[in-house]
Amino acid sequence: MNVMLGIDIGTTSTKGLLCRTNGQIVAQFNHSYPLQQTVAGTAEENPQAILMAVTSGLQAILRTVHQQQLTLAGLSFSSANQSLIALDNLHRPLTNLLTWVDTRAAPAAAKLKKSDFADELYQRTGTPLHPMSLLAKLIWLKASQPKIFKQATYFCGIKEYILWKLFGKWQMDISIASGTGLFNWQQQNWDPEILAIAGIQESQLPPIVDSYTTFSKMRPDLAAKLNWPQATPIVQGAFDGALANLGVNALDSKTAALSIGTSAAIRLLSKQPALDPQGRLFCYAVSQQQWVIGGPVNNGGIVLRWALEKLFTNEKIIWEKAGADSYEQLLQIIQTIPAGANGLLFFPFLNGERAPLWDADIRASFIGLTQTHSRAEMARAAVEGIIFNLRSVWEIFSNHTFSQPKQLVLSGGFAKSPFLRQLIADIFNCPVQVPAQIEASCLGAILLGMDALGLTDNLAQSAAALSGTVTTYQPNPAAAKSYNELFTIYQRLQDHLGHETTALTAWQRKFN
């Protein structure tokens with residue numbers, strides 16, 4: 001029996017999914033690693049820890065393949081984008097991995113925003129100016145660590161590093177490249193003028209290949225250690241957000257994919273690139289023939305984790321000692337609070353924000369807080385704030401002539417909770433579909449791999465089979481009406497927050 005393996009190299013863990021081509025899951029793994037946030041703005045990871053997570057996951061999956069006498073038809077990769085590693089002339093890391101969460105490049109991004117070239121940068125790359133981009137990170141690295149910057153022979157992201165270490169392939173797919181802020185989407189190459197701004201040369205970056213590019217053969221020593229079948233084709237793959245749309249079968253312009261994990265994003269697939277006139281949405285390639293338009297936010301499930309750890313510290317310890325899921329316990333408490341948290345709003349910008357504001361200096365805040373509000377109401381407001389912020393991104397899509405989607409398909413950690421599924425439908429005031437299989441990026445990698453290897457004649461049918469039975473949540477009319485009223489207030493207040501918090505953020509940095 002043929003099986004396909006998809007691996008998603010994420011921000012906090014690497015996940016793998018082994019599926020039969022009819023959609024049946026055979027095995028899976030999830031290996032986590034720490035995100036180092038020791039100094040304000042820092043969000044780094046050890047590349048070797050991520051490599052170990054990938055190789056140990058591969059080893060476990062291959063044991064299943066051999067034990068069940070399966071045939072591995074192919075391996076396809078997904079990964080988070082907008083990460084940066086500086087490498088020496090032997091491709092050895094000179095730095096940790098700077099993840100997309102790292103905001104130390106905020107001054108560089110702010111300076112670019114004020115430049116005469118700012119609009120041209122967005123028009124050429126489809127990447128909004130923000131500390132997440134490799135353009136800003138490289139400028140920051142050159143200014144803050146000039147010795148390392150000068151010593152670096154190469155620069156890449158995490159997927160490129162992993163592929164080099166496993167297979168000896170030095171290349172970057174067009175999907176990852178298009179999110180760097182260095183890639184000209186019209187010419188489909190590294191932009192020489194933008195590289196000059198970053199202070200690097202094209203030879204320091206991996207050559208760009210299509211996401212459908214295939215190759216084979218692992219490094220011999222590693223193949224022997226893992227018992228890797230060397231004839232197995234490997235598919236380059238794309239970035240996790242684009243592949244999540246494939247994984248939940250959100251393949252047309254009327255259906256948007258909403259992923260809420262640590263961070264969150266709303267994305268729409270398109271056969272044509274399209275830019276937002278105000279530069280609030282990204283436009284990245286999935287492959288040379290397909291594009292994804294989206295709005296990513298920094299503050300997804302990480303805000304729920306903050307509410308759990310900071311507002312319910314003692315309860316979390318008790319729940320975990322009892323073997324209970326602390327998130328489920330917190331959601332049970334939140335459900336005892338009425339919609340709207342008794343007039344309390346939370347703006348969830350704990351980590352600055354990307355879409356819709358693209359402001360690394362904005363900060364979170366409760367508005368409407370009184371002495372009668374409890375921790376439970378604060379936690380409910382925090383969860384509602386996550387979704388209000390995402391609805392702000394949804395409104396941008398809804399007002400665009402190129403899209404105007406009518407429904408959402410939900411994946412990620414929030415998709416596990418029936419309460420959160422319904423809450424999203426109520427706040428967005430639109431139907432929310434939830435497939436049975438919510439590991440969307442792994443599934444998307446598998447689907448792209450199947451398409452690249454000719455293992456499917458109909459991508460939509462294969463996506464439907466892999467994602468499984470879909471459950472639809474309709475908005476509750478009464479709750480939707482209340483949330484529409486609150487969202488109007490939320491948007492008016494949100495428009496003023498950025499101007500007022502910039503000075504405060506600068507003051508905070510004195511103490512971090």
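Residues numbered from 1 in each chain as written. Predicted model: local features only at pLDDT ≥ 70, side-chain atom pairs only at ≥ 80, totals over all residues. Heavy atoms only, no water.

In terms of regular secondary structure, the protein chain is built from 18 helices and 23 strands. Here the protein chain has a C-alpha radius of gyration of 22 Å; the compact-globule value for 512 residues is 24 Å, and the two agree. Every one of the 512 residues in the protein chain was classed for burial, and the buried ones make up 58%. Within the protein chain, contacts between residues separated by at least 24 positions form 72% of all contacts whose residues are at least 6 apart in sequence. Accessible surface for the protein chain amounts to roughly 20,200 Å². Of this, 49% is attributable to carbon and sulfur atoms. The centroid of the 39 positive side-chain charges in the protein chain is displaced by 5 Å from the centroid of its 36 negative side-chain charges. (Helix = DSSP H or I, 4+ residues; strand = E, 2+ residues; numbered from the N terminus. Rg over C-alpha atoms; globule rule 2.2 N^0.38 Å. Buried < 20%, exposed > 50% of the residue type's maximum accessible area, 1.4 Å probe, protein only. Contact = heavy atoms within 4.5 Å. Areas by Shrake-Rupley, 256 points an atom, 1.4 Å probe, with all protein chains shown as cover. Lys, Arg positive; Asp, Glu negative; His and termini not counted. Charge placed at Lys NZ, Arg CZ, Asp CG, Glu CD.)

Time to look at the sheet that holds strand S13 (residues 214–215). Taking strand neighbours across the sheet as the criterion, the six strands line up as S3-S2-S1-S5-S14-S13 in an open arrangement whose pairing is mixed. This sheet does not close on itself; its edge strands, each paired only once, are strand S3 (25–32) and S13. Pairing geometry for S13 and strand S14 (residues 234–239), over two bridges, is antiparallel. Considered in S14, the bridge of Phe-215 is made with Ile-234. In the packing of helix H6 (residues 158–167) onto the sheet, contacts are made with strand S1 (2–9), strand S5 (71–79), S13 and S14, and the angle to S5 comes to roughly 145 degrees. Relative to the sheet, helix H16 (residues 440–452) contacts S1, strand S2 (13–20), S5, S13 and S14, its axis offset from that of S1 by approximately 130 degrees. (Pairing = 2+ DSSP bridges. Axes fitted to C-alpha atoms, helices over the stretch in contact; angles between N-to-C directions.)

Residues Phe-155, Leu-182, Ile-266, Leu-408 and Phe-428 are the most contacted members of the largest nonpolar core, which totals 126 residues. Non-local contacts of Phe-155, meaning those with residues more than four positions away in its chain, are made with Leu-84, Ile-85, Ala-86, Leu-138, Leu-141, Phe-149, Trp-170, Ile-200, Gln-204, Leu-205 and Pro-206. Among the nonpolar cores identified, the runner-up in size contains 40 residues, and Phe-29, Ile-50, Val-54 and Phe-77 belong to it. (Core = buried A, V, L, I, M, F, W, Y, C linked by side-chain atoms within 4.5 Å.)

The next thing to look at is the side chain of Arg-104. Looking at the element boundaries, Arg-104 is found in the loop between strand S7 (97–98) and helix H2 (106–114). Only 2.7 Å separates the side chain of Arg-104 from the side chain of Glu-44, close enough to count as a polar contact. In contact with Arg-104, not counting residues within four places along its chain, are Ala-40, Gly-41, Thr-42, Glu-44, Leu-98 and Trp-140. (Polar contact = N/O pair within 3.5 Å; in protein donor to acceptor, adjacent residues only side chain to side chain.)

Another point: empty space enclosed by the protein. Per the counting criterion, the structure on display carries four cavities of 30 Å³ or more. If you add up the space inside the largest cavity, you get close to 70 Å³. Taken together, Ile-9, Gly-10, Thr-11, Glu-45, Ile-50, Ala-80, Asn-81, Ser-83, Leu-97, Thr-99, Trp-100 and Ile-158 make up the full set of residues lining the largest cavity. A per-class count over the lining of the largest cavity returns six nonpolar, five polar and one charged. (1 Å grid on protein atoms, 1.4 Å probe; cavity = no way out; pocket = protein on both sides within 12 Å on 5 of 7 lines; lining within 4 Å. Points joined across faces, edges and corners; volume = space filled by probe spheres on them. Nonpolar A, V, L, I, M, F, W, Y, C, P; charged D, E, K, R; others polar.)

Right, let's get into the sheet that holds strand S15 (residues 255–260). Across the sheet, which stays open at both edges, the seven strands sit in the order S17-S18-S16-S15-S21-S22-S23 with mixed pairing between neighbours. A single partner strand is all that each edge strand has here, and the edge strands are strand S17 (282–287) and strand S23 (470–473). Direction aside, the axes of adjacent strands within the sheet are offset by 30 degrees on average. Here S15 runs beside strand S21 (residues 407–411); their pairing, made up of five bridges, is parallel. Each residue of the ladder has a partner; that of Thr-255, found in S21, is Gln-407. Packed on one face of the sheet, helix H10 (residues 240–247) meets S15, strand S16 (264–270), S17 and strand S18 (290–297) and runs near 70 degrees to S16. Packed onto the sheet, helix H14 (residues 375–398) meets S15, S16, S18 and S21 and runs at close to 20 degrees relative to S16.

Turning our eyes to something else, we now look at the pairing of S3. Bridge count between S2 and S3: seven bridges; the pairing is antiparallel. Opposite Leu-17, over in S3, you have Gln-28 as the bridge partner. Joining the antiparallel neighbours S2 and S3 is a turn of four residues, in which Gly-23 adopts a positive phi near 105 degrees.

Within the structure shown, the criterion is met by 20 aromatic pairs. An aromatic cluster is defined as three or more aromatic residues linked by ring pairs; in this entry it consists of Phe-347, Phe-349, Phe-388, Tyr-483, Phe-487 and Tyr-490. Between Arg-354 and the ring centre of Trp-100, over which it is positioned, the NZ or CZ distance is 4.0 Å. Over the ring of Phe-312 we find Arg-375, and its NZ or CZ is 4.5 Å from the ring centre. (Phe/Tyr/Trp six-rings, centres within 6.5 Å; stacked < 30°, edge-to-face > 60°. Lys NZ or Arg CZ within 6 Å of the ring centre and 35° of its normal.)

As for its placement among the helices and strands, Leu-268 is situated in strand S16. For Leu-268 and Trp-185, which are 83 residues apart along the polypeptide, the C-alpha to C-alpha distance reads 17 Å.

The next thing to look at is the environment of Ile-85. Relative to the helices and strands, Ile-85 resides in strand S6 (residues 85–87). A relative accessible area of 0% places Ile-85 in the buried class. It is 9.9 Å that separates the C-alpha atoms of Ile-85 and Leu-138, two residues lying 53 residues apart in sequence. Beyond its immediate chain neighbours, meaning those up to four positions away, Ile-85 contacts Pro-47, Pro-93, Thr-95, Asn-96, Leu-97, Tyr-154, Phe-155, Cys-156, Gly-157, Ile-158 and Tyr-161.

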